[in-house]
Amino acid sequence: MYDLNQIYIDGAFVTPHGDERFDLFNPATEAVIGTVQLADAEDARLAIAAAKRALPAWSRTSLAERAALLRRMHDAIAAREDALCAAITEEYGAPVSRTRWMAQYAAQVFLGAIDAMEHFEFERDMGIAHVVMQPVGVVGLITPWNSNASFITGKLASALAAGCTAVIKPSEMSALQTRVVMEALHEAGAPAGVFNIVTGRGDVVGVAMTASPDIRKISFTGSTAVGKSILRAAADDVKRVTLELGGKSPTIILDDADFTTAVPMAIQAGFMNSGQACIAGTRLLVPRSRLAEFETLATAAVNACVSGDPSRAETTIGPMVSQKQWDRVQGYIRTGIAEGARLLAGGEGRPEGNTRGWLVRPTLFTDVRNDMVIARDEIFGPVMAIIAYDDEEEAIAIANDTPYGLSAYIATTDLARGARVAARIDSGRVMVNTLTHEPKAPFGGFKQSGLGRENGVLGLEPYLEPKAIIGL
Ligand code: NAD
């Protein structure tokens, strides 16, 4: 049993002032594997004060000093790749086939921030003004459970590159990953207070951070509902906010697509991270003229997915993170059936042969209309919906008919056509015939998928305030 009772304030590991205990589960077995002592509002206050004290010196460091720390942080996280992989699988249930990428990415983001810093214009002349980009101040970084480690490191890397100091509130459900990350970051030897980590509940520590006038910016990744509450609270002192929220991304199969590549891409886009991905392509828009052919191939591909023990190499879909999340996904499968959608694969319950673990049967619906609940809500599990369309115009209209706009996928053999369609999709990212991530490109969403962007040069900007100096 793990006893996780350390947070990180002012350069030191400390026992939280908060005394609430939170159970940590292994989603593959449903067993309690440890307890987490949660931070409270007093811990948040101490962490914010430490970050505020550290700000004047850190904000005046040279770019070379910042790059040196970011590189040490990269090295320290990279050195713990195996420990991070193990933690991600144990407390989150990500299949080992995915954890390696997740752990490596958590280190790579530091190199990405160094690269962004080197390509960023921190000072420029505009007319008679000399414009300098000044760090926004102390920032609050809040992460979700579905990719906790890389959101801690990615947000922190950009904040430090900009010259900000940080208070990080990781997901309370990710304390094992956070411990690995915290130890690595400590080893990198940042000046005390430059970053602080307070694992606690969102409605306690997260709210305290959002309410604090000493925090000038919140960068939040999580659900749209919580994102909206942060935006409202931030209005009180006009805090800057970056929000990375939910999605209901379309995969548009154009009628010229090569199904031998389009079908595997569509299934992978929908089921990545066991379906617990903000960018999951969960609405499959398929030309009616090729619907039967697509249904046959997609059904076979979904049936070939292995939902099971995440520690086995052949597993492609691991358990849902919690009982609550499992119940939620089951509820959506029932809703889909009740709405009149037709099941091609999967359905309610656990995959055959499994009696425990929050495992879901990989599920594919067809005969779905875009106004059905299963086509509108973010399910956050391995459940996809086929929606038929008659022509390209209709496909574009359906793709954009969603409150979200985080990611979109297009399958076509005609790249000029792919470019034409991509230009008309309202989404932060459009991927044509590929699922390859580009860390230099901005990441974020249109509409209710978020506000602002992360990653690369454009991800650095929200951590800086432009100041125009005129008359010198
Ligand atoms: P969540 O919104 O429940 O929690 C996210 C974080 O916010 C947690 O650390 C939580 O403790 C904290 N929190 C909760 N209430 C808060 C409050 N009132 N004030 C401040 N902080 C608060 O989300 P989750 O269930 O952890 O993550 C899943 C969601 O995250 C999905 O909707 C998914 O789409 C989204 N997500 C988005 C992206 C993206 O980049 N757009 C990436 C990953 C996940």
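About the thresholds
- For every chain, the first residue of the written sequence is number 1, and numbering continues from 1 along that sequence.
- Totals for whole chains, interfaces and linings use every residue, but because this is a predicted model, local features are given only for residues with pLDDT of at least 70 and side-chain atom pairs only at 80 or more, for both listing and counting.
- Excluded from the side-chain calculation are hydrogens and water; included are all heavy atoms of the structure.
- Stacked, edge-to-face and tilted labels apply to pairs of Phe, Tyr and Trp rings (six-membered ring for Trp) whose centres lie within 6.5 Å, assigned for plane angles under 30 degrees, over 60, and everything in between, in that order.
- With a 1.4 Å probe rolled over the protein chains alone, any residue whose accessible area is under 20% of its type maximum counts as buried; one over 50% counts as exposed, and the rest are partly exposed.
- Two limits define a charge over a ring: the Lys NZ or Arg CZ must be within 6 Å of the ring centre, and within 35 degrees of the ring normal.
- Note that a disulfide, as used here, is simply two cysteine sulfur atoms within 2.5 Å.
- Under the DSSP-based scheme used, a helix requires at least four consecutive residues in state H or I and a strand at least two consecutive residues in state E, with every element numbered from the N terminus.
- Whether two residues are in contact is decided by their heavy atoms: any pair within 4.5 Å suffices.
- UniProt positions are given in the numbering used here, feature names are shortened, and annotations may be inferred rather than shown by experiment.

A word on the packing of aromatic side chains
Piece 1. Applying the stated criterion across every chain, the model contains eight aromatic pairs.
Piece 2. Seen from their ring centres, Phe-120 and Phe-122 are 4.9 Å apart, and the 65° between their planes marks the pair as edge-to-face. Phe-122 carries the same exposure label as Phe-120, and that label is buried.
Piece 3. The structure contains a cluster of three or more aromatic residues connected by ring pairs, namely Tyr-8, Phe-13 and Phe-195.
Piece 4. Here the guanidinium or amino end of Arg-124 rests over the ring plane of Phe-120, the centre of that ring lying 5.9 Å away.

A word on the state of the cysteines
Piece 1. Scanning the model with the defined rule gives zero disulfides in all.
Piece 2. No disulfide involves Cys-85; its sulfur sits 20 Å from the nearest other cysteine sulfur, which is in Cys-278.

Brief notes about the side chain of Ser-171
Piece 1. Checked against the element boundaries, Ser-171 lands in the loop between β9 (165-169) and α6 (175-187).
Piece 2. Ignoring anything within four residues of it in the chain, the contact list for Ser-171 reads Thr-143, Pro-144, Trp-145, Asn-148 and Thr-199.

Considerations on the UniProt feature "active site" (unreviewed entry) in the protein chain
Piece 1. Here, the residues flagged by UniProt with the feature "active site" (unreviewed entry) are Glu-244.
Piece 2. Position of Glu-244 among the secondary structure elements: in strand β12 (residues 240-244).
Piece 3. Excluding anything up to four places from it in sequence, Glu-244 contacts Phe-220, Thr-221, Gly-222, Leu-406, Phe-443, Gly-444, Gly-445, Ser-449, Gly-452, Arg-453 and Glu-454.

Examining the side chain of Asn-148
Piece 1. Tracing the backbone through its elements, the reader meets Asn-148 in helix α5 (residues 148-162).
Piece 2. Taking relative accessible area as the criterion, Asn-148 reaches 0% and is therefore assigned buried.
Piece 3. If sequence neighbours within four positions are ignored, Asn-148 has contacts with Thr-143, Pro-170, Ser-171, Ser-174, Gln-177 and Thr-178.

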